[in-house]
Each structure stands twice: as C-alpha cells, then as structure tokens.
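# Understanding the architecture of this molecule
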Amino acid sequence: MGELEKTEAANLREETVAGNGLIHRRALLRTALFSAGIAAASAGTARADDSVGADAPEWMKTPGKPFSAYGTPSHWQEKVQRIFTIAPGRAGTGVSRTPLHLLEGTITPAGLHFERHHNGVPDIDPGKHELYIHGMVKRPLAFSLDALMRYPMETQIRFIECSGNSGIFSQPQAAQVTAGELNGLLSCSEWTGVKLFTLLADAGITKDAKWVIAEGADAAAMSRSIPLEKCMDDAMIALYQNGEAIRPEQGFPMRLLLPGFEGNMNVKWLRRLNVTDAPVDARDETSHYTELMPGGKARQFMFAQGAKSAILKPSFGMSMKGPGLYEISGLAWSGAGRVSKVEVSADGGKSWGAAALTGPVLPKALTRFRMAWNWKGQPSTLMSRATDETGVTQPTRAAWIAEYAPGQGYHFNGIQSWDIAADGTVKNVYA
Amino acid sequence: MSTLKFIFLLPVAALLLFPRVCGAQSPNVGRPLTPEEIKKIDITVAPDGKGLPPGSGSVSAGAAVYAKSCQSCHGAQGAGKPQDQLTGGLGTLASAKPVKTPASYWPVATTLFDYIRRAMPITSPQSLSNDEVYAVTAYILSIDGIVPADAVLDAKSLPRVKMPNRDGFISWWPKPPR
C-alpha cells in the first residue's frame, strides 16, 4: 500500500458516519476512489478506433443538426419515458409514472410528469374556457384566461404526489420493479399562476363559507371538496409549469395547486369553484382517496402527504460494479413543509447516518439527498428515512401497515429498503 | 379554539373584515356570472340534497337504463367486471378482505347520483336525463336491498336513503380525532 492510499484509508475511517461503510460525503468529493460508479444493467457501446488520423469523434468532423423550434431530449435518452402498467395510448381512467430512477436533481421534466386521469386528457380551447367562482360569495365571477393573465402572479416549486403512490408496498410480497414503478406517482415542478386568495377576495366570500368544491372540465368532471383555509393559504391557480404553459396532461389551461395535499385534490383543467359551508362527499373523497382502518372505519379528508423518502441510486434494475466508493442518492419530501433531515442506513436500520441535502431545500418540494458509501462487496441492506420540519419521521413499513385495513394503499410513507447482494444486484425487500 | 385552528382561520377572518385591503392587488377583471349561467354549470349535489334537480326514477325504469348503458362494463346486477363492482361487499369492511363498493362503502346516496350524472357512462358522460340518473341510482341501490324493489327516487327521497356505511368515515381534517 502506497503512502497516498494509506492516508485515504485513514481518512475514510475518520469520516465514518454509520455502520457498514457509510461515510461523510466530503470523503467522496475528495478521493479519486470513485472509480466504478453505478451503471444501469445495460452498458453503453464502446468505440474502437485507433487510426491516428481518425482520432476525433465523428460528430467533430461534420456539421451538426440545424436549429429546432422546440427541442426534444437526445435520442440516446429514448428509454427515459413514463412508466405504464397498461399500454400507453389508452384513454379512460389510469396512470403513468415518472421514471424517478432515471432522472437527477429535483425538477421533473414536464413531459415526464406523472399522469392520473379519470377519463382521458381533454383538449380544451383556452379561448372558450372560463374559471367560475360561485356559491357562498357576494359576487359570482367568471375568469377567462386573458383575465387571469392580468393578475399578479407568483411562482412556487412544489411536488405533486398521488395519494395512491407506493401503494404497492402494502402487498405481502416486495415487488421487484424499478424505483419509478414503486414511487413514480410523484413529480415536482415550478408552478406559476395566480393566488387563489386574490380571486376569492374579488368574489367576496360570505361569513359561513368553509369549503370550496373544485371541479375539472374533463370528461369525468372530477370533483373534490377543499377546505377554505387551504384556499386562503398557499393555493394557486397554476397556469405555467417549468416556465411554459401547463401541459395538457397537467391541466391545460389551468389547474388547482394545493401544495402538499394529495394529488387528486389539485384538480386539473379547473373549471369551477363552488364555495359552500360543508364538503359534498364527492366520489373521489369517499369511494377513493379514503383510508380504511382495521375495524372497518375509514379516514376521510386526510389531505397532506406524509414525510417520505426513497433511495433511487442504487435501486432495482441497477447493479454495483465491484467494491469501491459509491454515491447513494434519492429524494425526500413532505406535505407538511421542508425536509429537515434524511438518514441513510447500510445495515438494515441498525445504524443511521445523516445524508447531505444538496439543495435547494424548499417546503413541499422534492429534496435531493446524497450519501457516500464505501461498499466492500458484502451483502447489505440500504434504507432511508426522512424527517420534516414539523418533527415527523417516516414510520417503518410494519408500523404503517398496522394502521390500515388489509390491502389498503393510500398515503403509504413507510421506510423502503434495497438489498445489495454480493454480486452487486439490487432487490426490493421488506426489512 | 386551538391555536392551530386560529392560525388557519386568520386569512379567512382578514378577508371577511378587510376585503378591500386584501383584494388591493387585484385588477378585479372577473366577469359577473348571472343566476341563469350558474344554474347551467352548477351540477354539485350535496349530501342534504341541495343541488338535486327535478325529476324521478323507479327501480324498474333503472333496470332498463342499466341493461342498456352500464351492464357491459359493470356486469349483471353491478357485480363488476370488466370495470368496478357497484354492488355487494356489505359487512366486509372490518374483515380480512374488505370489498369497497358504492353499496358497502359510500356514506351517502347523493354521491351515487352526483357521480353517475357527471361521469357515467364513461364513454358518453353527461348524456343521461335526470330521470334516468334517478332511476339507475334506484336500481343499483335496490340490488342490496338498500331501497325496496318498488322505490322511486327524487330530490326528496334520495337524501333520505340510509347507506349501510353511513357512519363509517372519520374526518381527519383539520386534524385527526383524539
């Protein structure tokens, strides 16, 4: 062992933050040991060209493609697509998921935002669409898109998560599918629009008003009861997503944004806000999006998404390429506010070390965490657990399961685990 | 009143007391809606029956609507397949295999009317007449005996239907019960 390597080994020992090789991230940033990296199961193709005259790659020897009106991802990235459980192209009710494990950072590209439609994506003529506010208001009003454009706007970076996200963890056997399939009813965007407070103030809500019934202009006329408090707090009529007009799949020309609340309430293609004194027990707040507990009673109006995290790298479908230094990375989020802490374990939960939150750390937004891991090639179980600024920490899967009736999958936020085998393969396990 | 609740209600109170102040930033360019316009767009039905339209429908008329417009997706007598099961499952919610259907799970009958009228049949939503919606609602509820076989539902009788799981839901808002 040379001098340099000896110092590095000593440094690694010093930087230990938890058992089984978890070390502080600064070790990873400093060392040159980051040799192997984590690669997806399929490796890229190698170029073999050793003629001296042809040393430059081909794309340096011919002019590139022309300018384009609207750019698309590199064709090398064509595998990065939404994940379907039913074949794409089918309308009606269903979902497609964000391939979280193939993305980095915290913002979801608009075209990869998860979808949950109850009867297809409507093609709404923005010139004919209006937002109606009526019910317990002094001045019932209609707002065209042009009218809304005259209002002061604000921008919020917020996640939207379907309350059915990760429901698959309630199944008795751990599913061997990608992290995107497990957790991809989750996306995060920069939303810009008009504060709902301002529009409700224009309409003048009356004294006994307590709820707002939101309705979409889709072929399901999707409808939910929203507490007035939320509408007056941080709710927004979102018109833009990541700087461009909101995508049809996300509610073009406008959607309701209720930061931190379960996805279904963020009504897309928003058409009508009916101010009332009571909730209406809409189909999607009774039949669906309610949580049956042991004993047969159900929770209703459990709106905020819980503190939650998932390791995306490594995850199912990837493999470790031999012992060495790796970066563990994933996402954490909470509907209650900011993520204050993410802890990672490499020994199945026996010991935990604090991961780096590599910014930005925004309330009700996806937060990226990273941790350095010196994997020596032994079988290991990786876990992550998030704590939010209200002090709530993710429960274990077992504790979560005990709260609900058999087979229920809404609002799952239990701790998730990956088993790393000695050969480097990654498996979803209930640990 | 708890501090939490108080904080939640602050903006509401502020708006009621000082509408001009809070609305100061607004260009106020909403178009006033007329009562006639509201009547056309307001399809919300509340559990107390508010919003239910005139009209009525019997179980027998509903059986015909169901056979023609619903059965291909929801099965004979709402037994399900290929799409959601609409009937049965009563008494299973506390069991090891809970079966959640409109009949076993939904707390109020008005939801059935509201949902069918706005969203079903899924291939041609908002195509049924109010009489047909009352009728098919009555038919679905009759299969589990929630309404009698000779029932006729209208704006008065529908909200009075007692669903088996009427008291099955506990509100988690603004916070869980103690």
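Residues numbered from 1 in each chain as written. Chains lettered and ligands numbered in written order. Predicted model: local features only at pLDDT ≥ 70, side-chain atom pairs only at ≥ 80, totals over all residues. Heavy atoms only, no water.

### Brief notes about the overall build of chain B
Counted only if it meets this: Starting at the N terminus, helices and strands are each numbered in turn, a helix being any DSSP run of H or I of at least four residues and a strand any DSSP run of E of at least two. Burial here depends on accessible area, computed with a 1.4 Å probe over protein chains only, as a share of the maximum for the residue type. Under 20% is buried, over 50% is exposed, and the range in between is partly exposed. Note that accessible areas follow from Shrake-Rupley with a 1.4 Å probe, and for residues the cover is restricted to the protein chains shown.
Check the secondary structure of chain B and you find 8 helices and 4 strands. The 178 residues of chain B split such that 43% are buried. By element, 59% of the accessible surface of chain B is carried by carbon and sulfur atoms, the whole surface being about 9500 Å².

### Comments concerning the domain arrangement of chain A
Residues and elements named next belong to chain A. Filter applied, for reference: Domain start and end points were adopted from an automatic or database domain assignment. Whether two residues are in contact is decided by their heavy atoms, any of which lying within 4.5 Å being enough. Buried area: the accessible surface (1.4 Å probe) lost by two parts on joining, summed over both. Any carboxyl oxygen of Asp or Glu that lies within 4 Å of a side-chain nitrogen of Lys or Arg is treated as forming a salt bridge with it.
With domains assigned, chain A is organised as domain 1 (115-299) and domain 2 (308-429). Residue-level contacts link 37 residues of domain 1 with 32 residues of domain 2. Across the domain 1 to domain 2 interface the summed buried area is about 2800 Å²; carbon plus sulfur atoms make up 58%. Run the count over domain 1 and domain 2 and you get 3 salt bridges. Here glutamate 403 and arginine 299 are joined by a salt bridge, their closest N and O atoms 2.5 Å apart.

### A few points about the pairing of strand β10 (residues 186-195) of chain A
All names here are of chain A. What counts is decided by this rule: For two strands to be treated as a pair, DSSP must find at least two bridges joining them.
Within β10, 8 of the 10 residues are buried, which leaves the element mostly enclosed by the surrounding structure. As paired strands, strand β9 (residues 153-161) and β10 are joined by 9 bridges and run antiparallel to one another. Residue pairing in the sheet places threonine 155 in a bridge with threonine 192 of β10. By the bridge criterion, 5 bridges tie β10 to strand β13 (residues 236-241) in an arrangement that is antiparallel. If you follow lysine 195 over to β13, its bridge partner there is methionine 236.

### Some points on the interface of chain A and chain B
For clarity, the cut-off: We define a polar contact as two N or O atoms separated by no more than 3.5 Å, with the added condition that, inside protein, one atom must be a possible hydrogen donor and the other a possible acceptor, whereas residues neighbouring each other in sequence contribute only through side-chain atom pairs. Note on residue categories: nonpolar means Ala, Val, Leu, Ile, Met, Phe, Trp, Tyr, Cys or Pro, charged means Asp, Glu, Lys or Arg, and polar means any other residue, Gly included.
Facing 62 residues of chain A, the contacting portion of chain B comprises 51 residues. Contact between chain A and chain B buries roughly 4800 Å² in total, counting both sides, with carbon and sulfur atoms accounting for 62%. Seen at the junction of chain A and chain B, the total is 4 salt bridges. Here aspartate 42 of chain B and arginine 272 of chain A are joined by a salt bridge, their closest N and O atoms 2.9 Å apart. Applying the counting criterion to the chain A and chain B interface returns 22 residue pairs in polar contact (both at pLDDT 80 or more). Each residue belonging to the side of chain A that touches chain B can be placed in one class, and the counts come to 33 nonpolar, 15 polar and 14 charged. Pairing of strand β18 (residues 298-300) of chain A with strand β4 (residues 169-171) of chain B involves 3 bridges; the strand directions are parallel. Note that in β4 of chain B the partner of alanine 298 of chain A across the bridge is phenylalanine 169 of chain B.

### Section: the sheet that holds strand β12 (residues 223-227) of chain A
Taken together, 6 strands build an open sheet; the order of strands is β12(A)-β11(A)-β16(A)-β7(A)-β8(A)-β1(B) and the sheet is mixed. The open sheet has two edge strands with one neighbour each: β12 of chain A together with β1 (31-32) of chain B. With 2 bridges joining them, strand β8 (residues 141-144) of chain A and β1 of chain B adopt antiparallel strand pairing. If you follow alanine 142 of chain A over to β1 of chain B, its bridge partner there is arginine 31 of chain B.

### A few points about the pattern of salt bridges
Evaluation of the coordinates by the stated rule reveals 27 salt bridges over all chains. Salt-bridge contacts for lysine 207 of chain A lead to aspartate 208 of chain A; the nearest nitrogen and oxygen are separated by 3.9 Å. Notably, a salt bridge pairs glutamate 215 of chain A with arginine 272 of chain A, separated by 2.6 Å at the nearest N-O pair. Of the two residues, glutamate 215 of chain A sits in strand β11 (residues 211-216) while arginine 272 of chain A sits in strand β16 (residues 270-276), which places them 57 residues apart along the sequence. Residue glutamate 215 of chain A is classed as buried on the basis of its relative accessible area, which comes to 3%. A cluster of three or more residues bridged by salt bridges with shared partners is formed by Glu215, Arg271 and Arg272 of chain A together with Asp42, Asp114 and Arg118 of chain B.

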